[in-house]
Amino acid sequence: MFKTGFDNDKYLQMQSSRIKERISEFGGKLYLEFGGKLFDDYHASRVLPGFQPDSKLQMLLQLKNQAEIVVVISADDIEKNKVRGDLGITYDIDVFRLIDAFTSKGLMVGSVVLTKYVSTPKVNAFEDKLKAAGIKFYHHYIIDGYPANISKIVSDDGYGKNDYIETERELVVITAPGPGSGKMATCLSQLYHENKRGIKAGYAKFETFPIWNIALNHPVNIAYEAATADLNDVNMIDPWHLEAYGKTTVNYNRDVEIFPVLKATFDKIYGKCPYNSPTDMGVNMAGNCIIDDDAVCDAAKQEIIRRYYTACCENLRTGSKKEEIYKLELLMNNAQLSISDRKCADTAEKLADKTSQPAAAIELPDGEIITGKTSDLLGCASAMLLNALKKLGGIDDDILLILPEVIKPIQELKLNHLGNKNPRLHTDEILIALSVSAVTDSNAKTALHQLSKLKNCEMHSSVLLSQVDENVLKKLGIRLTCSAVSDKKKIY
């Protein structure tokens, strides 16, 4: 059940003001590390209901004449074909998507930086695409002993070996397709190079999660650990802040571990670091804009469970997520959660047990659970989708939105001409059939008008769905999980 727990308008005002304050603290040039997703932060919108996915972008647009963007991607992520879970595309493809998105809004994208650079065929192919698009790119390298060997890191044999990124504007926003790309190291490298050229530059960080001024074990902060389970990030009390101010704040291990490097960098460049702790580096105001903690907690708990189901499904496909699953199980235990706390999952599994067939369930905006079971005509997701649209449109359950005589020719087309083995209609086929029926049937037309109400609804399938179904449900804004069970009997 969706409930707003976050004041987005307040957030835009507070966050924009805080960033402007930080810019004014540095007289020359500011490198602003943007953690998380700049353009479409769907994780934040899920765990902070009311947060708009493009909130960070809207703030940045207020500074677009002063700012330029540098996109960072790890060569290692290119080599491993790392995928954005929320969009289902690889990081290298997302770099181009982000560049298009930023430039279409009037923002300047100055260049792309490849961190942990090693020349490989995949990396070279990515660079060829950048060249073809007329986009400047630079190389940053792995530094032996990073991050402990500070004397080497802050030297010509460390940051000094990295390419100097040529920038034009006073505010340089460093962003990336996802975590672990090397954004902070890119900023620190630039501080080193700017100083060598006699240019004074500052650094600040805009990282939404973990939220520094809520509890360490708040579900929102645990959900962040779940989101980065593959990176093995750990939330922790900021020991530097506690020592400097006697106040407890939350940060995460990578920032705490890298802080001595940042402090030493500032000390060597300017004689004194302007920050006493990793928390001081940040400008995040999200914790001040939570208006309903219960709603936010409930949303974050669902995110934790969703992450668990996603890892289990990926492990079924690849066998590579066992360690991630183990960590997610620990996080669920820490948050006192079990899979039965996901109502739609509990309902779908019970229906599947009862019918001995795949089943699906969705939680509508008012909290009511609607189910769908497998039949000769429809898969469970398709049946559930039609049942949900009926309920939302006030249509009697006995009314057929799509007549069997409409469905059967589609099945014949699939089996006899397109070579499909499964005669049941997928969700995309059902929506097309429903659209055709809506031309002459007022109930079908009413049902179609309910589609927008499915956004942010929680759904679960007792089996893995096809990629087609997953994509359609994602486009509708439905928050889907699946049990790590395949209903396919064949292995080829």
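Bear in mind that the values here come from a model prediction, so they are computed numbers and not experimental data. (Residues numbered from 1 in each chain as written. Predicted model: local features only at pLDDT ≥ 70, side-chain atom pairs only at ≥ 80, totals over all residues. Heavy atoms only, no water.)

**Let's talk about the pairing of strand β2 (residues 67–74)**
Here's step 1: The element β2 is largely enclosed, with a buried count of eight among its eight residues.
Here's step 2: Burial along β2 is two-sided: the face carrying A67, I69, V71 and I73 and the face carrying E68, V70, V72 and S74 are both buried.
Here's step 3: Here β2 pairs with strand β7 (residues 171–175) via five bridges, running parallel. Following the sheet pairing, E68 is matched in β7 by V172.
Here's step 4: Sheet topology note: the β2/strand β5 (residues 108–115) ladder contains seven bridges and is parallel. Residue pairing across strands places V72 opposite V113, the latter belonging to β5. (Buried < 20%, exposed > 50% of the residue type's maximum accessible area, 1.4 Å probe, protein only. Helix = DSSP H or I, 4+ residues; strand = E, 2+ residues; numbered from the N terminus. Pairing = 2+ DSSP bridges.)

**Quick word on the environment of E225**
Here's step 1: Following the sequence through the fold, E225 ends up in helix α9 (residues 219–227).
Here's step 2: E225 sits in the buried class, given a relative accessible area of 11%.
Here's step 3: As for E225 and I430, which are separated by 205 residues in sequence, their C-alpha atoms are 37 Å apart.
Here's step 4: For E225, the contacting residues outside a window of four places in its chain are D233, V234, N235, K327 and L331.
Here's step 5: Reaching out from E225, the side chain makes a polar contact with the backbone nitrogen of N235 at a distance of 3.3 Å. (Contact = heavy atoms within 4.5 Å. Polar contact = N/O pair within 3.5 Å; in protein donor to acceptor, adjacent residues only side chain to side chain.)

**Some details on the side chain of D77**
Here's step 1: In this structure, D77 sits in helix α4 (residues 75–79).
Here's step 2: The charged side chain of D77 is buried without a salt bridge, its nearest counter-charge being K82 at 4.4 Å. (Lys, Arg positive; Asp, Glu negative; His and termini not counted. Salt bridge = Lys/Arg side-chain N within 4 Å of Asp/Glu carboxyl O.)

**Looking at helix α18 (residues 427–437)**
Here's step 1: Among the residues of α18, T427, E429, I430, L431, A433, L434 and S437 are the ones counted as buried.
Here's step 2: Each element contacted by the buried residues of α18 is listed here: α16 (380–393), α17 (404–417), α19 (442–448) and α20 (467–475).

**Some thoughts on the nonpolar core**
Here's step 1: In this structure, L48, V112 and Y275 are the most contacted members of the largest nonpolar core, which totals 102 residues.
Here's step 2: Ranked by residue count, the leading element in this core is helix α13 (residues 293–318), at eight residues.
Here's step 3: When residues no more than four places from it in sequence are discounted, the contact partners of L48 are F6, F209, I211, V220, I290 and V296.
Here's step 4: One finds I370, A383, I430 and M459 within the second-largest nonpolar core, a separate group that totals 37 residues. (Core = buried A, V, L, I, M, F, W, Y, C linked by side-chain atoms within 4.5 Å.)

**Brief notes about the sheet that holds strand β14 (residues 479–482)**
Sheet strands pair by backbone hydrogen bonding; their relative direction is either parallel or antiparallel.
Here's step 1: Pairing is mixed in the open sheet, where four strands are placed in the order β12-β11-β13-β14. Strands with a single pairing partner mark the edges of an open sheet, and in this sheet they are β12 (369–373) and β14. Taking each pair of neighbouring strands and ignoring which way they run, the sheet shows an average axis angle of 15°.
Here's step 2: Inspection of the sheet shows strand β11 (residues 359–363) paired to strand β13 (residues 458–461) by four bridges, in the antiparallel sense. Directly across from I362, in β13, lies its bridge partner M459.
Here's step 3: Packed on one face of the sheet, helix α15 (residues 343–355) meets β11, β12 and β13 and runs near 155° to β11. (Axes fitted to C-alpha atoms, helices over the stretch in contact; angles between N-to-C directions.)

**Looking at the side chain of S55**
Here's step 1: With respect to the helices, strands and loops of the structure, S55 is situated in helix α3 (residues 55–61).
Here's step 2: At 2.8 Å, the side chain of S55 and the backbone oxygen of Q52 are in polar contact.
Here's step 3: Those residues in contact with S55, other than ones at most four positions away along the chain, are N8, Y11 and L12.

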